[in-house]
Amino acid sequence: MINNKSKRLMSNISVISLLLVSSPVPGLNPGVMDLSFEAESPLVPPAELLERLPSCDWLLQGDRCQIFFPPSEAPGRPQEQRCWSSFLEHRVPVVTEEVAREALLSFVDSKCCYGSAAAGDLVILELKQQALRRYRLETFSESRISEWTFQPFTNHSVDGPQRGTSPRLWDIKVQVPPMFQEDTRKFQVPHSSLVKECHKCHGHGRYKCSSCHGAGTVRCPSCSGAKRKARPARRCQMCSGSGRQRCSTCSGRGNKTCATCKGEKKLLHFLQLVIVWKNSLFEFVSEHQLDCPGELLAKARGETLFKDENTMVYPIVDFPLREICLASQRGIAEHSATLASRARVLQQRQTIELIPLTEVRYWYRGKTYVYYIYGTDRRVYVVDDPERCCCGCAIL
């Protein structure tokens, strides 16, 4: 129910609204409201209207919107013992000098300011290869909030409390998007609609133009209302000597159609259910001694060594690399702490991928430079720029 403080505040707003309606404004059509001091659009209907909606008492926990906790889910089954011998035996394809040169040539061909001739002439001095493991946890969750919203009322049927009790938000059935694909959808909560006069124009459908203050004309910008030009001394041509021009904001009418109710005079208020499907991501790349940026390795394409997908996944505890086990435990704990109280977890997926990384040291024009080949698609990252062209790109 609405507390006494909220009732007093809404009552004061109603009194101010009545004063605005009853107080005539000089030079203004009595059927058009002056919005010079109009408050912001209310997000909750007045208390007297809410009192007619007992089925929504449980929804009104805040002034604007309320987050609804999902029903608790039963924990999944513990993981079974896994055999990791095949992962220990896995070998990374060897990168030869020919493969390294082809990867670099493919890279420079995709860049407008790189020279492929120099890339073919460089001398490769050393190749250092390393196999990295990337752990990735995805948690696909659904959260629901409610908020008051409104739209112009066009005399259509009203789905109000007289038609039944509004369902609880987690009881409303909706179509879930494909797993791990983010989406946001909005739905009208059944039996939550209320009709009231527009708070912006107070039920008149129009309000006074703020540019001309209802006069329909504004001071001429050319002569500033003087009707004549000082230099040379002559009648102002822009306003034909009247000192005023037709207001362009309201086209000379002195008032405008209310943008809130679109001239309908009434608004349909209702509770809106907002559902957000989010895919939370946790990533970890095993340590390495090479100087390739971590953000590139996080996005690199890898070879999947292990995949586990279920409503809830359990931490990996027996993988041969302890840092991967610790990352799995940390990622699942973080997602659980973040989402447990405000979202329903629909699906989780954890993977371990192998990412090949090769450091290539090469000689060019008497100096030694470095570039890296990373990922199964052999992307290239150039550390040193032997030459630069006019636009700042490196030329190899």
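Cut-off values and rules
Residues numbered from 1 in each chain as written. Predicted model: local features only at pLDDT ≥ 70, side-chain atom pairs only at ≥ 80, totals over all residues. Heavy atoms only, no water. Helix = DSSP H or I, 4+ residues; strand = E, 2+ residues; numbered from the N terminus. Buried < 20%, exposed > 50% of the residue type's maximum accessible area, 1.4 Å probe, protein only. Contact = heavy atoms within 4.5 Å. Areas by Shrake-Rupley, 256 points an atom, 1.4 Å probe, with all protein chains shown as cover. pLDDT = per-residue confidence, 0-100. Salt bridge = Lys/Arg side-chain N within 4 Å of Asp/Glu carboxyl O. Polar contact = N/O pair within 3.5 Å; in protein donor to acceptor, adjacent residues only side chain to side chain. Expected span 1.5 Å × (residues − 1). Arc of directions from axis to C-beta. Phe/Tyr/Trp six-rings, centres within 6.5 Å; stacked < 30°, edge-to-face > 60°. Lys NZ or Arg CZ within 6 Å of the ring centre and 35° of its normal. Pairing = 2+ DSSP bridges. Core = buried A, V, L, I, M, F, W, Y, C linked by side-chain atoms within 4.5 Å.

Taking an unreviewed UniProt entry as the reference, the protein is identified by name as Protein SSUH2 homolog isoform X1 belonging to Balaenoptera acutorostrata.

Details of the overall build of the protein
Secondary structure summary: the protein contains 7 helices and 17 strands in total. Counting only residues that meet the buried cut, the protein has 40% of its 396 residues in that class. Summarising the internal contacts of the protein: among those between residues at least 6 apart in sequence, 80% fall at separations of at least 24. A total of about 22,600 Å² of accessible surface is found on the protein, and carbon and sulfur atoms cover 50% of it.

Focus: the confidence of the model for the protein
Averaged over all residues, the pLDDT of the protein is 77; the fraction at 70 or higher stands at 71%. Note on residues 51-64: pLDDT under 50 across the span, and 36 contacts to partners over four residues away in sequence or across chains.

Here we look at the pattern of salt bridges
Counted by the stated rule, this structure contains 9 salt bridges. Salt-bridge contacts for E138 lead to R349; the nearest nitrogen and oxygen are separated by 2.9 Å. With E138 in strand 2 (residues 123-152) and R349 in strand 13 (residues 344-364), this pair connects stretches of sequence that are 211 residues apart. For the pair E138 and R349, a shared accessibility class is recorded, and that class is buried. With its nearest N and O atoms 2.9 Å apart, the salt bridge here joins D183 to R185.

Focus: the environment of K229
Within the secondary structure, K229 is located in strand 7 (residues 228-229). A sequence separation of 12 residues divides K229 from G241, and the C-alpha atoms of the two residues are 9.3 Å apart. Apart from residues no more than four positions distant in its own chain, K229 is found in contact with S222, R234 and C236.

Let's talk about the side chain of N279
In this fold, N279 is placed in strand 11 (residues 266-285). A polar contact is formed between the side chain of N279 and the side chain of E138, at a distance of 3.1 Å. Other than its neighbours up to four places away in sequence, N279 contacts E138, T139, F140, F180 and E182.

Here we look at helix 7 (residues 322-339)
In this model, helix 7 (18 residues) spans 26 Å end to end at C-alpha, consistent with the 26 Å of a helix rising 1.5 Å per residue. Among the residues making up helix 7, those that are buried are I324, C325, A327, S328, G331, I332, H335 and L339. Take helix 7 and look down its axis: the buried residues cluster within an arc of 160°, on one side only. Facing away from the buried side of helix 7 by over 90 degrees, the exposed positions are R322 and A337. Next to the buried residues of helix 7 lie strand 2, strand 11 and strand 13.

Describing unusual backbone geometry
Not every positive phi belongs to a glycine, and H213 is a case in point at roughly 55°. Structurally, H213 can be placed in the loop between strand 5 (206-208) and strand 6 (217-219). Positive phi outside glycine occurs at K262, with the angle close to 55°. Within the secondary structure, K262 sits in the loop between strand 10 (255-257) and strand 11. Looking at K262, the relative accessible area reads 55%, which means it is exposed.

A word on the packing of aromatic side chains
Evaluation of the coordinates by the stated rule reveals 5 aromatic pairs. Between F140 and F180, the ring centres sit 6.0 Å apart and the planes meet at 50°, which makes this aromatic pair tilted. Here F140, found in strand 2, pairs with F180, found in the loop between strand 2 and strand 3 (183-188); they are 40 residues apart in sequence, far enough to count as distant. F140 gets classed as buried once you look at its relative accessible area, which sits at 0%. A residue is classified by how much of its surface remains accessible, and F180, at 11% relative accessible area, is buried. With a centroid separation of 5.5 Å and an interplanar angle of 55°, the aromatic rings of Y362 and Y371 are classed as tilted. Cation over ring: R349 sits above F180, and NZ or CZ is 4.0 Å from the ring centre.

Let's talk about the pairing of strand 4 (residues 194-197)
Judged by which residues are buried, strand 4 turns out to be one-sided: L194 and K196 face inward and are buried, whereas V195 and E197, on the alternate face, are not. Relative to strand 11, strand 4 runs antiparallel, the two being bridged by 4 bridges. When the bridges of strand 11 are listed, K196 appears paired with L267.

Some details on the nonpolar core
In this structure, A100, L104, Y371, I373 and V380 are the most contacted members of the largest nonpolar core, which totals 17 residues. If you list the elements that add at least two residues to this core, you get helix 4 (97-109), strand 13, strand 14 (367-374) and strand 15 (379-382). Looking at which element gives the most residues to this core, the answer is helix 4, with 6 residues. Counting residues in each nonpolar core, the second largest holds 15 residues, with F284, F306, A327 and I332 among its members.

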